[in-house]
Amino acid sequence: MSVTVVGSIAYDRVETPFGRCERMLGGAATHFALAASFFDEVRVVGPVGDDFADNDLAILQTRGTSTEDVERVPGGKTFFWHGEYGWDLNSRETHDTQLGVFEHFEPKLGEASRSSDVLFLANIQPDVQRGVREQCPDARFVALDSMNLWIDIARDSLVRTIGEVDCLILNDAELRQLTAKPNLVQAAREVLAMGPSVVVAKQGEYGAALITADAFFALPAYPLESVVDPTGAGDTFAGGFVGYLAAQSGERDDATLRRAMAYGTALASFNVEEFGTKRVARLTSDEIGERVRDLQRITHFEDAPVELRA
Ligand code: AMP
């Protein structure tokens, strides 16, 4: 059993009200892999340039993650992203995106990655995502992320790709943009009609919501006193969520999906405590377990009879 992730491996420059980091390991596939590797063997597919450092490759390989399909492009530069957050950490401005080796990226999956039973298509061009999906016909669970850029310039292709996956994990605002429905439940229903059986709406510091044909579930984000850098929170959430499901040998019932939400939420909460991959890179399984138990306690309540006035 293994999880294959296809997506960006990056160097990020990030500024937040709490500091800045000039160049740090990032990318959707990186954040996803660090989180998902707590649950299953992960295989990363993505390109890097000559400038990609060996110690960053070692971080990708944490807990035995395979980098066999990480393609090092001679003479190429690793994808670079520069973003800035204001006091509202839910919104960010992208100052620069240098595609580098990502520009002509044609994912080539080796035999082992093609036969993974779980696949995560991180945010890349939707035609490319569909190409990868076709290389993995036997995957029993496929999840997909995307972004506003592709909704703006490649919506039809994105909708086709959504039709080929089991689960869409998207930012709340992007879900509304994709479906032109201002109401979250209606937007999710529209996505369910496109093909997936599970929709997850990421809501930044407000948490995440899960919508299936017959259930709705939501969790707040873990209440942290200090958030330093939200970059990669969505991909870390996806790593926890998809990773947990990968470890449940095919179970997709409501209770399992709810627990997956808790693991995604717990993992994402660690990611935002420090810049880049720093916090998750030294995270322990005990710390994750403790935070999942905290979440269970925080979100539990018991109803008691009360006389309501007519
Ligand atoms: P998140 O905060 O979960 O949306 O993920 C942020 C990560 O996505 C950063 O580490 C960036 O390197 C990466 N990223 C930013 N823009 C893009 C893009 N256009 N395509 C692929 N990855 C991107």
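Residues numbered from 1 in each chain as written. Predicted model: local features only at pLDDT ≥ 70, side-chain atom pairs only at ≥ 80, totals over all residues. Heavy atoms only, no water.

A.B. asks: Mind showing me how you'd approach the site of the ligand here?
C.D. replies: Lining the immediate surroundings of the ligand are 18 residues, of which Asp12, Gly27, Arg92, Gly232 and Asp235 lie closest. Isolated, the ligand exposes 510 Å² of accessible area, and the fraction of that covered by the protein chains is 88%. For the shell around the ligand, the secondary-structure elements that each account for two or more residues are strand S2 (10–16), helix H1 (28–36), strand S6 (79–85) and helix H9 (233–246). Per-element tally for the shell around the ligand: the top contributor is H9, with 3 residues. Looking at the shell around the ligand residue by residue, the classes come out as 7 nonpolar, 8 polar and 3 charged. (Near = heavy atom within 4 Å. Areas by Shrake-Rupley, 256 points an atom, 1.4 Å probe, with all protein chains shown as cover. Helix = DSSP H or I, 4+ residues; strand = E, 2+ residues; numbered from the N terminus. Nonpolar A, V, L, I, M, F, W, Y, C, P; charged D, E, K, R; others polar.)

A.B. asks: Help me understand the sheet that holds strand S3 (residues 19–26), please; the structure alone is not making it clear to me.
C.D. replies: Sheet strands pair by backbone hydrogen bonding; their relative direction is either parallel or antiparallel. Pairing within the open sheet is mixed, and its 4 strands lie in the order S3-S2-S6-S7. Only two strands of the sheet have a single partner each, and these edge strands are S3 and strand S7 (92–98). Across the sheet, the mean angle from the axis of one strand to that of its neighbour is 15°, orientation sign disregarded. In this structure, S2 lies alongside S3, joined through 6 bridges in antiparallel fashion. When the bridges of S3 are listed, alanine 10 appears paired with glycine 26. (Pairing = 2+ DSSP bridges. Axes fitted to C-alpha atoms, helices over the stretch in contact; angles between N-to-C directions.)

A.B. asks: Even after reading the chapter, I still don't get the state of the cysteines, so can you show me in this structure?
C.D. replies: Cysteine pairs can be linked by a disulfide, which is a covalent bond between their two sulfur atoms. Per the counting criterion, the structure on display carries 0 disulfides. Cysteine cysteine 136 shares no disulfide, and the gap to the nearest cysteine sulfur, in cysteine 167, comes to 16 Å. On the basis of relative accessibility, which here comes to 1%, the residue cysteine 136 falls in the buried class. (Disulfide = S-S within 2.5 Å. Buried < 20%, exposed > 50% of the residue type's maximum accessible area, 1.4 Å probe, protein only.)

A.B. asks: Could you clarify how one ought to interpret H1 in this entry?
C.D. replies: Residues separated by three or four positions in an α-helix point in the same direction, a consequence of the helix having 3.6 residues per turn. With 9 of its 9 residues buried, H1 lies for the most part within the structure. The set of residues buried in H1 consists of Ala28, Ala29, Thr30, His31, Phe32, Ala33, Leu34, Ala35 and Ala36.

A.B. asks: Would you explain helix H8 (residues 184–194) in this entry?
C.D. replies: Along H8, the residues classified as buried are Leu184, Ala187, Ala188, Val191, Leu192 and Met194. In a view along the axis of H8, the buried residues occupy a sector of 150°, so they form one face of it. The inward-facing, buried residues of H8 abut helix H6 (155–162), strand S10 (167–171), helix H7 (172–179), strand S11 (198–202) and strand S12 (208–211). Looking at where H8 begins, the residue whose side-chain oxygen comes 2.9 Å from the main-chain nitrogen of valine 185 is asparagine 183. Immediately beyond the C-terminal end of H8, within one or two residues, lies glycine 195, with a positive phi of roughly 145°. (Arc of directions from axis to C-beta. Contact = heavy atoms within 4.5 Å. Polar contact = N/O pair within 3.5 Å; in protein donor to acceptor, adjacent residues only side chain to side chain.)

A.B. asks: Would you mind going over the packing of aromatic side chains with me for this structure?
C.D. replies: For any pair of aromatic rings, the description rests on two quantities: the centre-to-centre distance and the angle between the ring planes. By the definition in use, this model includes 9 aromatic pairs. Taken together, a centroid distance of 5.8 Å and an interplanar angle of 85° make the contact between phenylalanine 18 and tryptophan 87 edge-to-face. One end of the pair, phenylalanine 18, is in the loop between S2 and S3; the other, tryptophan 87, is in the loop between S6 and S7, and 69 residues separate them in sequence. Summarising the aromatic geometry, the rings of phenylalanine 39 and tyrosine 263 are spaced 5.6 Å apart at their centres and angled 85° between planes, so their arrangement reads as edge-to-face. Of this pair, phenylalanine 39 sits in the loop between H1 and strand S4 (41–48) while tyrosine 263 sits in helix H10 (residues 254–271), and the two are 224 residues apart along the sequence. Tyrosine 263 sits in the partly exposed class, given a relative accessible area of 22%. The structure contains a cluster of three or more aromatic residues connected by ring pairs, namely Phe39, Tyr244 and Tyr263. Above the plane of the ring of tyrosine 11 lies arginine 23, whose end atom (NZ or CZ) is 3.9 Å from the centre. Stacked on the ring of phenylalanine 38, the Lys or Arg arginine 63 has its end atom at 3.5 Å from the ring centre. (Phe/Tyr/Trp six-rings, centres within 6.5 Å; stacked < 30°, edge-to-face > 60°. Lys NZ or Arg CZ within 6 Å of the ring centre and 35° of its normal.)

A.B. asks: Any chance you could explain the side chain of threonine 256 here in plain terms?
C.D. replies: Tracing the sequence through the fold places threonine 256 in helix H10. With a relative accessible area of 4%, threonine 256 lands in the buried category. Once residues within four sequence positions are removed from consideration, threonine 256 is found in contact with Tyr244, Leu245, Gln248 and Glu251.

A.B. asks: Can you walk me through the sheet that holds strand S5 (residues 70–72) in this structure?
C.D. replies: Read across the sheet, 9 strands follow the order S5-S4-S1-S8-S9-S10-S11-S12-S13 without closing on themselves; strand pairing throughout is mixed. The sheet terminates laterally at S5 and strand S13 (216–219), the two strands that pair on one side only. The mean angle between the axes of side-by-side strands here comes to 15°, regardless of whether they run parallel or antiparallel. In this sheet, S4 lies alongside strand S1 (residues 2–6) in parallel orientation, the contact comprising 5 bridges. Each residue of the ladder has a partner; that of valine 6, found in S4, is valine 45. Together, S10 and S11 form the strand contacts of H7, whose direction differs from that of S10 by roughly 110°. This element, H9, spans S1, strand S8 (118–121), strand S9 (141–144), S10, S11 and S12 of the sheet and lies at about 160° to S10.

A.B. asks: Teacher, can you tell me more about the pairing of S12 here?
C.D. replies: The side chains of a regular strand alternate, residue by residue, between the two faces of the sheet. Covered by surrounding structure in S12 are Ala208 and Leu210 together with Ala209 and Ile211, the residues of both alternating faces. In the sheet, S11 pairs with S12 via 4 bridges, with the strands oriented antiparallel. When the bridges of S12 are listed, valine 200 appears paired with leucine 210. Hairpin remark: S11 followed by S12, antiparallel, with 5 residues in the connecting loop; positive phi at glycine 204, about 55°. Relative to S13, S12 runs antiparallel, the two sharing 4 bridges. In the sheet register, leucine 210 faces S13, and the bridge partner there is phenylalanine 217.

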